[in-house]
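Working through the structure, step by step
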Amino acid sequence: MADTKVADTVSEQEFREAALAFLRAHAKPKVREETSWGEGSDEVAIFREESPEEQAAELEAARSWRHATFDAGYGWITGPRRYGGRELPSSFERLYQAIESDFEVPSQAPFGIGLGMVAPTILAHATERAKDLYLRALYRADLIGCQLFSEPGAGSDLAGLQTRAVRDGEEWVVTGQKVWTSGAQHSDIGEIICRTDPDLPKHKGLTGFIVDMHAPGVEVRPLRQMTGGASFNEVFFTDVRVPDDHRLGDVNQGWTVALTTLMNERAAIGGGGAGVGMLNPRRLVDLLHQLDRQDDPLVRQQLAEVYIGNEVARYTNLRAMEKVKAGQLPGPEMSIAKLSLTNNLRRLSDLLGLVLGPRLTADSGEWGTYAWSQLVLGVPGIRVAGGTDEVMKNIIGERVLGLPKEPQPAR
Ligand SMILES: Cc1cc2nc3c(=O)[nH]c(=O)nc-3n(C[C@H](O)[C@H](O)[C@H](O)COP(=O)(O)OP(=O)(O)OC[C@H]3O[C@@H](n4cnc5c(N)ncnc54)[C@H](O)[C@@H]3O)c2cc1C
């Protein structure tokens, strides 16, 4: 456990030395080998397609690394000390991430939603009891969280959701169905938005809760996606009881709660948190050489556009994140960052289609060719997750450009 008395006054130099000592004792330094064409794995995917056994192994490794980092004081560097954080400025978090990136450590992807979206919402809106129960446990990976927002009839129009929560004394009874719930299969808790007053206008009759994913009446069913894997699920709720102290925010104020989570979700995706910051320019250039397309002016033009687009997406996201770190409310910058990233992934898909042609649709066994189909098939998903491209454009049109509001037929 970190010595939080020392942590209060630690200098960046002391912090750096302690972090390095911890990492040297617990992880191997990264060997940056320049692998040649045809060597090692040729996997390039947005959503990794793993068997249940591979998922379990990845989760186990991720969990033990998170236990070790949390117990050493690097699991929630900026967080309140009451919940196991160190209350250090975000520059210390960036410093730790930079140091850790030189070491081989297990992917923390299984905790992306719980830490990137659910935990910040609990910190902002939960009761003290729920904060005590869940924040430390989420950051230490004793528990995993998922986001239970979308329904079969409510995605972009999230406020139209129908899952009901009805008050019964000091409890609520939840009934309904959620869909596209990433990671529900290994989650312990979920952030759920329910309709608590069907007579109020749709944005006003919603309330957020933390629901126990192991409670009686919760059923998780996997959904298979076109890439072959099953990383998300349908979740059914039948008379699931949720204590009132697991409510997020005030009754019928769930829209504000949902917006907190959605802003954090867009920031995570725009920043490459969903595994999409992986564009490796060298791999692309090698591919062009292998296919003897490196001198084709049209291909070179598209490659330059992809590279520039990648940098634009990266800088836009950094600008948005700086605003958040400065304590300002995340705004439409998050939507611009997400749209820049997805526009660029679309450009990349077009370039891959142009140079690979049939090799993208039929596996000839040739290294580094058909493998790109996993990335291309994942792009539509990332264009939808966390708010579709069209919805991002509406936000930018209305909130940045001041265009008239989208007509709302549901009203
Ligand atoms: C990879 C992935 C992971 C996900 N993980 C989760 C999760 O963990 N938890 C969760 O709750 N949800 C999750 N989702 C669901 C996601 O939030 C929804 O898919 C998304 O909000 C879109 O909703 P929908 O699928 O119902 O599409 P719809 O809202 O039905 O949209 C259909 C089409 O209509 C367009 N459209 C809709 N409204 C407008 C408008 N006003 N103007 C212009 N065009 C419009 C959309 O752009 C889209 O092209 C995930 C989705 C994906 C792809």
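Residues numbered from 1 in each chain as written. Predicted model: local features only at pLDDT ≥ 70, side-chain atom pairs only at ≥ 80, totals over all residues.

1. Some remarks on the site of the ligand
Filter applied, for reference: Here is the check we use: build the C-beta atom from the backbone, and if it is within 6 Å of the molecule or strand, call the residue near. Classification convention: Asp, Glu, Lys, Arg as charged; Ala, Val, Leu, Ile, Met, Phe, Trp, Tyr, Cys, Pro as nonpolar; all other residues, Gly among them, as polar. These domain limits were set by an automatic method or by a database of domain assignments.
For the ligand, the set of nearby residues contains 22 residues, the closest of which are Phe149, Gly155, Ser156, Thr388 and Glu390. In the shell around the ligand, the residues fall into nine nonpolar, ten polar and three charged. Here the shell around the ligand gathers at least three residues from each of two domains, domain 2 (145-257) and domain 3 (271-399).

2. Details of the nonpolar core
The condition that has to hold: Any set of buried Ala, Val, Leu, Ile, Met, Phe, Trp, Tyr and Cys residues joined through C-beta atoms within 7 Å is what this text calls a nonpolar core. Residues are called buried when their C-beta atom has 20 or more other C-beta atoms within 10 Å, exposed when it has 12 or fewer, and partly exposed otherwise; all C-beta atoms are positioned from the backbone. This entry defines residue contacts through backbone-placed C-beta atoms, with two residues in contact when those atoms are within 7 Å.
If you look at the biggest cluster of nonpolar residues, it comprises 77 residues, and the most contacted ones within it are Leu138, Val174, Ile193, Phe209, Ile210 and Val211. When near neighbours in sequence (up to four residues on either side) are disregarded, Val211 contacts Leu148, Val174, Ile189, Gly190, Ile192, Val240 and Val242.

3. Quick notes on helix α6 (residues 128-139)
The following threshold applies: Secondary structure elements are taken from DSSP: a helix is a run of H or I of four residues or more, a strand is a run of E of two residues or more, and numbering for both begins at the N terminus. To estimate how far a helix should reach, multiply one less than its number of residues by 1.5 Å.
Between its first and last C-alpha atoms α6 spans 16 Å; for twelve residues at 1.5 Å apiece the expected length is 16 Å, and the two agree. Taken together, the buried residues of α6 touch α3 (52-71), α5 (112-125), β3 (145-148), β6 (189-195) and β7 (206-212). Among the residues trailing α6, Ala141 stands out with phi positive, at a value near 65°.

4. Examining the domain arrangement of the protein chain
Domain annotation of the protein chain identifies domain 1 (4-107), domain 2 (145-257) and domain 3 (271-399). On a C-alpha basis, the centres of domain 1 and domain 2 stand 31 Å from each other. Listed per partner, the contact involves four residues of domain 1 and five residues of domain 2. Here the side of domain 1 that touches domain 2 is built from residues that sort into two nonpolar, no polar and two charged.

5. Observations concerning the pairing of β6
Just so we agree on the cut-off: In this scheme, strands are said to pair when DSSP sees at least two bridges between them.
Most of β6 is tucked away, with seven of its seven residues classed as buried. Across the two faces of β6 the burial is the same, with Ile189, Glu191, Ile193 and Arg195 and Gly190, Ile192 and Cys194 all buried. Relative to β6, β3 is paired through four bridges, and the arrangement is parallel. When the sheet's bridge partners are listed, Cys146 is paired in β6 with Gly190. With seven bridges joining them, β6 and β7 adopt antiparallel strand pairing. If you follow Arg195 over to β7, its bridge partner there is Leu206.

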